[in-house]
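Observations on the model geometry
One-letter residues, chain by chain:
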Amino acid sequence: MSIVSEAIWAASPTTTRGQPTPLSSDPKGERIAYASNKSIFLRNIDNPAISKQYTAHTTQTSVARFSPSGYYVASGDVSGTVRVWDCVGEGATKGTTLTALFLPAGEYHIISGRINDIAWDGDSQRIIAVGDGKERFGHCITADSGNSVGEISGHSSQINSVSIRQQRPLRAVTGSDDTSLVFYHGAPFKFNTNLRGQHSRFVFGTAFSPDGSVFGSVGADKKIWLFDGKTGEQKVAVGDGVHTGSIFGISWSKDSKQFVTASADQTVRIWDAEAGKAVQRWRMGEEGVVSIPDQQMGVVWPSGRSDGLVISVDLEGNLNYLVPGSQKPTQVVRGHQKNVTAAAISDSTFFTGSFEGRIRAWDIATGLADKVDGDGHSNYVAGLTATSAKGEPQVYSVGWDDSLRSISVPTKTFTGSSTSLKYQPKGVTTTSGTILIVAPESIELYNDGETVGSFPVKYTPTAIAASGSTVAVGGDDKLVHIYTLTGTTLKDTSTELRRATSPISALAFSANGERLAVGAANGKIYAYEAGGEWKLITDRWSAHTARITSLAWDEGAEAAASGSLDTNVMVWSVKDPGKRIKALNAHKDGVTGVAWAGAGKVVSTGGDAAVKVWKVGGF
């Protein structure tokens with residue numbers, strides 16, 4: 001038996017309103033790098049379903065930059081740590097999760113606060129990291145040993161961006177909240193000039209052109225300035241008054257003749273550096289309508305490509321693929337920014353809901369996510385369940401905005417109006433056209449969005465599953481209570497499954513309804529023959545070390561997959577209960593959902609906001 005990683009469908013970049021989101025591309029223009037939660041994702045540009053995840057950071061990551069050689073990535077986090085690591089070595093294949101063991105070149109504590117930006121010199125030897133420190137706002141080190149090769153000084157507030165000239169003589173520039181730019185000579189890098197007066201508000205972006213002749217700066221005052229790359233002398237202001245919102249990002253074309261900017265006014269613009277005029281404009285969202293999620297927080301112009309592709313990121317974390325000549329993005333790559341909290345599979349579509357209320361529909365064949373259109377949840381998605389009881393496949397969702405909603409699977413849209421719940425739901429299931437929701441002190445029954453019944457219980461229900469007329473409800477009393485559903489009426493059968501020694505945390509019936517898997521808060525899993533005497537199949541599935549969050553049976557009910565807060569995904573055999581296969585550290589910060597996507601394939605979700613595909617063999 002074996003379980004191997006087949007694909008990682010990456011999380012979206014983490015974005016913060018009013019703060020730039022750095023994007024980086026490798027020299028060949030094949031991959032982009034960005035920070036998301038506590039991970040760094042390296043994502044294939046032409047096939048976004050192919051990505052790698054680096055998980056060695058222990059706190060929220062903030063920036064990742066490819067070295068000019070393309071062999072290394074330098075990444076920073078909110079604790080002030082910069083890690084330098086090999087991104088192309090042996091084992092870095094499709095679907096790989098990169099860890100600290102993966103040929104790290106070094107880990108360096110740069111400042112006592114968030115790293116905002118990182119820049120490499122042209123030899124891939126030196127790094128400048130800047131951010132919001134206490135004693136200093138940045139430092140310059142060698143990438144292989146961490147030795148100091150200069151000082152970053154001259155600012156009185158946090159530094160938001162840094163760029164290094166790729167040719168000799170080496171030069172560097174930083175932009176800060178103190179509204180100034182500082183120009184450095186190197187190496188070692190030393191303070192040369194403080195450039196004041198150009199910007200009147202925070203400086204968010206700085207970038208040298210690839211040929212080193214000029215560098216540009218952008219900021220919250222909506223202005224773009226160009227300076228001489230060797231001397232730091234001010235050259236010209238570009239596009240005064242064109243952008244109507246803060247400019248968060250700037251990136252140059254490979255021929256150094258044009259650059260691109262991304263702004264909170266929902267636009268991305270390409271500028272002719274010599275003429276000082278915009279030659280291309282893309283506006284996200286509906287023209288003339290203000291949309292905060294469509295604010296553009298960062299941009300990269302990948303070099304090494306012949307199609308002129310520009311990639312921007314909006315406040316929602318969506319990656320917009322922009323090709324000169326087109327008016328709208330040619331592709332929008334979507335995902336989750338916060339931990340995935342619920343999952344359900346319907347046909348060939350995998351639905352996921354996350355902490356911020358976002359629901360995505362993933363095509364299992366392509367690994368790409370669609371937005372579910374319509375009025376969605378505004379808060380934590382507590383449960384998803386799929387059904388095809390009324391012909392068209394549907395998914396029902398419940399959230400901590402205290403609402404029940406229905407989604408049409410074929411059209412990937414919310415249908416009908418949402419049903420207001422007068423309680424915080426803990427889970428949802430559906431059988432025979434009836435929706436059952438776990439409330440704090442009862443099981444609530446709904447049909448077509450209307451309340452049809454309420455069944456009070458004396459324990460606190462924690463999990464629910466249903467198949468046919470049988471409903472299983474787990475409680476904090478360590479029992480699984482079995483009920484019968486007749487029409488829209490729930491009846492207590494007085495059957496209680498008493499094997500668990502900890503509160504019940506997950507339940508799952510097999511597709512044929514003949515087996516029930518029970519997961520507990522202490523990591524133990526129990527399997528039962530459903531109905532009749534409820535015979536225990538096994539109580540030996542006990543390798544998890546933390547709460548079971550999700551369970552799923554394969555089509556033949558011969559194997560069960562489990563996910564746990566211990567970060568592991570495991571697959572268990574009914575025929576040989578003592579055997580298991582496990583994907584260790586499957587999701588940073590815990591596994592939150594598992595489902596079978598056909599024979600021999602498991603998909604999982606987790607606290608890292610990513611979706612992963614596992615190939616299971618040997619059953």
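From a predicted model like this one, the values you see are computed outputs, not experimental measurements.

Before going further, it helps to spend a moment on the UniProt feature "repeat: WD" (unreviewed entry) in the protein chain. The UniProt entry lists residues 54–86, 243–281, 333–372, 541–575 and 584–619 under the feature "repeat: WD" (unreviewed entry), expressed in the numbering used here. Helix makes up 0% of residues 54–86 and strand 58%. Its end C-alpha atoms lie 10 Å apart. Across residues 333–372 one finds 0% helix and 55% strand; the C-alpha atoms that close the span lie 14 Å apart.

Using the criterion set out here, one finds 15 aromatic pairs in the structure. Seen in terms of ring centroids, Tyr-54 and Trp-85 are 3.9 Å apart; in terms of plane orientation they differ by 5 degrees. Their pairing is stacked. Taken together, the positions of Tyr-54 in strand E5 (residues 51–54) and Trp-85 in strand E8 (residues 81–86) put the pair 31 residues apart, joining distant regions of the chain. With a centroid separation of 4.9 Å and an interplanar angle of 10 degrees, the aromatic rings of Phe-215 and Phe-227 are classed as stacked. Of this pair, Phe-215 sits in strand E20 (residues 214–219) while Phe-227 sits in strand E21 (residues 224–228), and the two are 12 residues apart along the sequence.

The next thing to look at is the pairing of strand E50 (residues 536–541). Across 3 bridges, the pairing between strand E49 (residues 525–529) and E50 is antiparallel. Residue pairing in the sheet places Tyr-528 in a bridge with Leu-536 of E50. Once E49 ends, the chain turns through 6 residues before running back antiparallel as E50, passing Gly-531 with a positive phi of about 80 degrees.

Turning our attention to the environment of Val-616. Topologically, Val-616 is positioned in strand E57 (residues 611–617). A relative accessible area of 10% places Val-616 in the buried class. Residues Val-616 and Leu-195, 421 residues apart in the sequence, show an inter-C-alpha distance of 59 Å. Setting aside its immediate chain neighbours within four residues, Val-616 contacts Ser-2, Ile-3, Val-571, Ile-581, Trp-596, Gly-600 and Val-602.

Under the defined criterion, the tally for this structure stands at 19 salt bridges. For the salt bridge of Lys-38 with Asp-589, the shortest nitrogen-to-oxygen distance reads 3.6 Å. Separated by 551 residues along the polypeptide, Lys-38 in the loop between strand E3 (31–36) and strand E4 (39–44) and Asp-589 in the loop between strand E54 (580–583) and strand E55 (591–596) bring together distant segments of the chain. Judged by relative accessible area, which is 27%, Lys-38 ranks as partly exposed. The class of Asp-589 is partly exposed, set by a relative accessible area of 44%.

Turning to the sheet that holds E50, a few remarks are in order. One open sheet holds the 4 strands; their spatial order is E47-E48-E49-E50, and the pairing between them is antiparallel. In this open sheet, the two edge strands, each paired with only one partner strand, are strand E47 (504–509) and E50. Between one strand and the next, the sheet's axes are offset by a mean angle of 15 degrees, whatever the strand orientation. Bridge count between strand E48 (residues 515–520) and E49: 5 bridges; the pairing is antiparallel. The partner of Leu-516 across the bridge, within E49, is Tyr-528.

Turning to the side chain of Asp-121, a few remarks are in order. Inspection of the secondary structure puts Asp-121 in the loop between strand E11 (115–120) and strand E12 (126–131). With a relative accessible area of 0%, Asp-121 lands in the buried category. A distance of 2.6 Å separates polar atoms of two side chains, one belonging to Asp-121 and the other to Arg-126. Discounting residues that sit within four places of it in the chain, Asp-121 has contacts with Pro-68, Arg-126, Ile-164, Gln-166 and Leu-170.

Further remarks concern the nonpolar core. Most often, soluble globular proteins have nonpolar side chains that are buried together. Of all hydrophobic cores here, the largest spans 17 residues; its most connected members are Leu-23, Ile-32, Tyr-34, Phe-41, Ile-311, Leu-319 and Tyr-321. Secondary structure elements with two or more residues in this core: E3, strand E28 (310–314) and strand E29 (319–322). Discounting chain neighbours no more than four positions away, the residues touching Tyr-34 are Ala-10, Ala-11, Ser-12, Pro-13, Pro-22, Leu-23, Ser-39, Ile-40, Phe-41, Arg-43, Ala-64 and Leu-319.

Attention shifts here to the domain arrangement of the protein chain. The assigned domain composition of the protein chain is domain 1 (90–333) and domain 2 (340–539). For domain 1 and domain 2, the distance between their C-alpha centres works out to 46 Å.

Of note, the amide linkage connecting Arg-168 to Pro-169 takes the cis form, showing an omega dihedral of 0 degrees. Put simply, Gly-186 and Ala-187 share a cis peptide bond, and its omega is -10 degrees. Mapping Ala-187 onto the fold places it in the loop between strand E17 (181–185) and strand E18 (190–195). Located in the positive-phi region is Asn-37, a residue other than glycine, with phi close to 55 degrees.

This part covers the sheet that holds strand E53 (residues 569–573). Ordered by their spatial adjacency, 4 strands build an open sheet running E51-E52-E53-E54, and the pairing between neighbours is antiparallel. The open sheet has two free edges, formed respectively by strand E51 (548–553) and E54, since each of these has just one partner strand. Strand-to-strand twist of the sheet, defined as the mean angle between neighbouring strand axes without regard to direction, takes the value 20 degrees.

In terms of burial, strand E7 (residues 72–77) is a largely internal element, 5 of the 6 residues being buried. Taken together, the 5 bridges between strand E6 (residues 61–66) and E7 define a ladder with antiparallel strand orientation. Paired with Val-63 across the strands is Gly-76, a residue of E7. The sheet contact formed by E7 and E8 spans 5 bridges and is antiparallel.

The next thing to look at is the environment of Thr-330. Summarising the element assignment, Thr-330 is placed in the loop between E29 and strand E30 (331–333). For the pair Thr-330 and Leu-309, spaced 21 residues apart in the sequence, the C-alpha separation amounts to 9.7 Å.

The next point concerns the side chain of Ser-505. As for its position among the elements, Ser-505 is in strand E47. In terms of polar contacts, Ser-505 uses its side chain to reach the backbone carbonyl oxygen of Ile-548, at 2.6 Å. In this view, Ser-505 contacts Ala-463, Gly-519, Ala-520, Ala-521, Arg-547, Ile-548 and Thr-549; residues no more than four positions away in its chain are not counted.

Quick notes on the rules
Residues numbered from 1 in each chain as written. Predicted model: local features only at pLDDT ≥ 70, side-chain atom pairs only at ≥ 80, totals over all residues. Heavy atoms only, no water. UniProt positions renumbered as here; feature names shortened; annotations may be inferred. Helix = DSSP H or I, 4+ residues; strand = E, 2+ residues; numbered from the N terminus. Phe/Tyr/Trp six-rings, centres within 6.5 Å; stacked < 30°, edge-to-face > 60°. Pairing = 2+ DSSP bridges. Buried < 20%, exposed > 50% of the residue type's maximum accessible area, 1.4 Å probe, protein only. Contact = heavy atoms within 4.5 Å. Salt bridge = Lys/Arg side-chain N within 4 Å of Asp/Glu carboxyl O. Axes fitted to C-alpha atoms, helices over the stretch in contact; angles between N-to-C directions. Polar contact = N/O pair within 3.5 Å; in protein donor to acceptor, adjacent residues only side chain to side chain. Core = buried A, V, L, I, M, F, W, Y, C linked by side-chain atoms within 4.5 Å. Domains from an automatic or database assignment.

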